[in-house]
Every structure is written in structure tokens, then in C-alpha cells.
Amino acid sequence: MPAKPKKDEKPVICRCVCPYCDVEIIVEDSPFCNVCKVSFGRCASCGAVIMEEKAVKCPSCGKPLKK
Ligand SMILES: [Zn+2]
Ligand SMILES: [Zn+2]
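Let me begin by describing the structure that accompanies this report. Everything numeric in this text was worked out from a predicted model, so none of it was measured. (Residues numbered from 1 in each chain as written. Chains lettered and ligands numbered in written order. Predicted model: local features only at pLDDT ≥ 70, side-chain atom pairs only at ≥ 80, totals over all residues.)

Across its full length, the chain carries zero helices and six strands. For the chain, the succession of helices and strands along the chain, N to C, is β-β-β-β-β-β. Within the span of the chain, comprising 67 residues, buried residues form 9% of the whole. Sequence separation of 24 or more characterises 13% of the internal contacts of the chain that already satisfy a separation of 6 or more. (Helix = DSSP H or I, 4+ residues; strand = E, 2+ residues; numbered from the N terminus. Buried ≥ 20, exposed ≤ 12 C-beta atoms within 10 Å, placed from the backbone. Contact = placed C-beta atoms within 7 Å.)

Listed below in C-alpha cells is the structure:
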């Protein structure tokens, strides 16, 4: 029996750590690290924070990201 992808799973978006300085970042409308002055992208579909600069699709829901 093939495993079905879980669609009801909600991504964890309340706690994220900056990949550059390991400090917890503020995740609101636009995630932003106060230490590095770096902002991060966010998935328009599920709201997950995109940490990878070169990511072309959301690691959480798999939908393509808008630039
Ligand atoms: Zn940082
Ligand atoms: Zn997503």
C-alpha cells in the first residue's frame, strides 16, 4: 500500500533560527534577522519560512516560490 502524502500537516512557522548566526529570528509577515540584517522569503501557500536563498520550491509544501 503506497503511502499518501499528508496534506493536513501544518508547518512549524513560529520558531526559526537564522542559518547565518544561529539566533532566533522574528517570524511575522516577513521573517527578518536583526543580527545579520537579512530577510528571508516565505512560502505564499503554506507560510513556511524559506531559509535557502536558492530554493525554487517550498521545502514544506513543495509548491514553486515566487520571486
Ligand atoms: Zn542572523
Ligand atoms: Zn509552502
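Attention shifts here to unusual backbone geometry. Phi is positive for Asp22, close to 65 degrees, though the residue is something other than glycine. Position of Asp22 relative to the elements: it lies in the loop between β1 (16–17) and β2 (24–25). A positive phi angle is found at Lys37, which is not glycine, with a value near 60 degrees. By the secondary structure assignment, Lys37 is in the loop between β3 (32–33) and β4 (38–39).

Distances and angles like these do not, on their own, reveal function.
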